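Below, each chain spelled out in residue letters.
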Amino acid sequence: MATPVGDLASLPFTPWEMFLGAGLVVRCVMLLLIAACVVSWAVFAAKVVEMIRVRAALTRTEITLEDASSLEAAHTLCPDIGIAKALLSAASNEWTRSADVLEDREGLKERIMLHLERLESAEGRRLMRGTGILATIGATAPFIGLFGTVWGIMTSFTGIAATKATSLAVVAPGIAEALLATALGLVAAIPAVVIYNYLSRQCLGCKAQVGDLTALILRLVSRDLSRLHVQSHGAQVLRFATPRAEQAGR
């Protein structure tokens, strides 16, 4: 027997009323999904602010390193914080440790490059820190919502069996509450996946800028090594030329 339209209009079909009318399990599922949605947007806001600051700092540092003439000058011009200082410190430390084998220029540049690549990878991992929860929410939220839906429908069918009533007024509220859990699962999962993909692209952009800084530092190292080679070669020429000049004077 069909339910009159007036009876359907009085059913609790608003989301808030469906939430209040849901069972304990379905209500807990909904609360969990709402919390997951809030966490996704909180991570988004925090990471966007962080990425903006990091990209601005990397851009300024890149401009500074472009103007530096040597590794020592770069230390003076760059700030004492951030990945730029860590890269410069790694290059300088390796230069100091290799002071007795500076003649092996290619070996020194290779060792410095290994240090810088390790720091570059660590910076990429640091920038992606906190985004793993977005991937977890995006992967699990639909299934959590589906669990709430299945549980709600089971509860509805149990109520039908208990009351022996099959009218729409008895069936519709329980099914609506169950489907609300599925909707909340999608509301939590879709933004989480989109935000994760967006932050991944931003992280790749920052990592590319760190790679540019690595290339600039390696260029400064190569320039300093060339200067050292020229100075050493000039000193040798001067040392060999001095005795000849003395003999010619005699």
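Residues numbered from 1 in each chain as written. Predicted model: local features only at pLDDT ≥ 70, side-chain atom pairs only at ≥ 80, totals over all residues. Heavy atoms only, no water.

1. What about the overall build of the chain?
- Helices and strands together make up the secondary structure of the chain, namely eight helices and zero strands.
- Taken across its 250 residues, the chain has 36% of its residues classed as buried.
- Considering only contacts in the chain between residues 6 or more positions apart, those separated by 24 or more positions represent 81%. (Helix = DSSP H or I, 4+ residues; strand = E, 2+ residues; numbered from the N terminus. Buried < 20%, exposed > 50% of the residue type's maximum accessible area, 1.4 Å probe, protein only. Contact = heavy atoms within 4.5 Å.)

2. Some words on the nonpolar core
- In terms of nonpolar packing, the biggest core is built from 31 residues, with L65, L87, I217 and V221 touching the most fellow members.
- Those elements that place two or more of their residues in this core are α3 (24–67), α4 (71–77), α5 (82–97), α6 (105–127) and α8 (168–249).
- In terms of residues, this core owes the most to one element, α8, which gives ten residues.
- When residues no more than four places from it in sequence are discounted, the contact partners of V221 are L71, A91, W95, K109 and I112.
- With 14 residues, the next largest nonpolar core counts V29, L33, L180 and A189 among its residues. (Core = buried A, V, L, I, M, F, W, Y, C linked by side-chain atoms within 4.5 Å.)

3. Some thoughts on a negative patch on the surface
- Taken together, the side chains of D100, E103, D104 and E110 present a region of like negative charge at the surface.
- By secondary structure assignment, the location of E103 is in the loop between α5 and α6. (Patch = residues over 30% accessible without salt bridge, like charges linked within 9 Å, V, L, I, M, F, W, Y side chains within 5 Å. Areas by Shrake-Rupley, 256 points an atom, 1.4 Å probe, with all protein chains shown as cover. Salt bridge = Lys/Arg side-chain N within 4 Å of Asp/Glu carboxyl O. Lys, Arg positive; Asp, Glu negative; His and termini not counted. Charge placed at Lys NZ, Arg CZ, Asp CG, Glu CD.)

4. Let's talk about a nonpolar patch on the surface
- A cluster of nonpolar residues, F143, L146, F147, V150, W151 and M154, forms a patch on the protein surface that exposes about 620 Å² of accessible area.
- Within the element layout of this structure, L146 appears in helix α7 (residues 132–163).
- Exposure remark for L146: the relative accessible area of 46% places this residue in the partly exposed category.

5. Describing the UniProt feature "transmembrane region" (unreviewed entry) in the chain
- Under the feature "transmembrane region" (unreviewed entry), the UniProt entry names residues 20–45, 133–154 and 174–199.
- When the span residues 133–154 is considered, its composition is 100% helix and 0% strand, and the gap between its end C-alpha atoms is 30 Å.
- Structurally, residues 174–199 comprises 100% helix and 0% strand, and the distance from its first C-alpha atom to its last is 38 Å. (UniProt positions renumbered as here; feature names shortened; annotations may be inferred.)

6. Overview of the packing of α5 against α6
- Orientation of α5 relative to α6, taken along the N-to-C sense of each, is 155°, at an axis distance of 9 Å. Taken together, α5 and α6 sit at an angle that is classed as roughly antiparallel. Regarding α5 and α6, the two cross each other, and that crossing is right-handed. Mapping the contact onto sequence places I83, A86, L87, A90, A91, E94 and W95 in α5 and L108, R111, I112, H115, L116, L119 and E123 in α6. (Axes fitted to C-alpha atoms, helices over the stretch in contact; angles between N-to-C directions. Parallel < 35°, antiparallel > 145°, perpendicular 65-115°, else oblique. Left-handed = near helix turned anticlockwise from the far one by under 90°.)

7. Remarks on the packing of aromatic side chains
- For the coordinates displayed, the defined rule picks out three aromatic pairs.
- Taking the centre distance of 6.0 Å and the plane angle of 45° together, the rings of F147 and W151 count as tilted. Taken together, the residues F147 and W151, both in helix α7 and four residues apart, mark about one turn of the helix.
- Clustering of aromatic rings is evident, with ring pairs tying together W41, F44 and Y198. (Phe/Tyr/Trp six-rings, centres within 6.5 Å; stacked < 30°, edge-to-face > 60°.)

8. Regarding the state of the cysteines
- Applying the stated criterion across every chain, the model contains zero disulfides.
- We note that C206 lacks a disulfide partner, and the nearest cysteine sulfur, in C203, lies 6.6 Å from it. (Disulfide = S-S within 2.5 Å.)

9. Some words on the environment of A122
- Tracing the sequence through the fold places A122 in helix α6.
- C-alpha separation for the pair A122 and I83, spaced 39 residues apart in sequence, amounts to 9.7 Å.

10. Digging into the environment of A192
- Here A192 lies in helix α8.
- Judged by relative accessible area, which is 0%, A192 ranks as buried.
- Sequence separation of A192 and A139 is 53 residues, and the distance between their C-alpha atoms is 9.0 Å.
- Contacts of A192, omitting those with residues within four sequence positions, involve S40, L134, I137 and G138.

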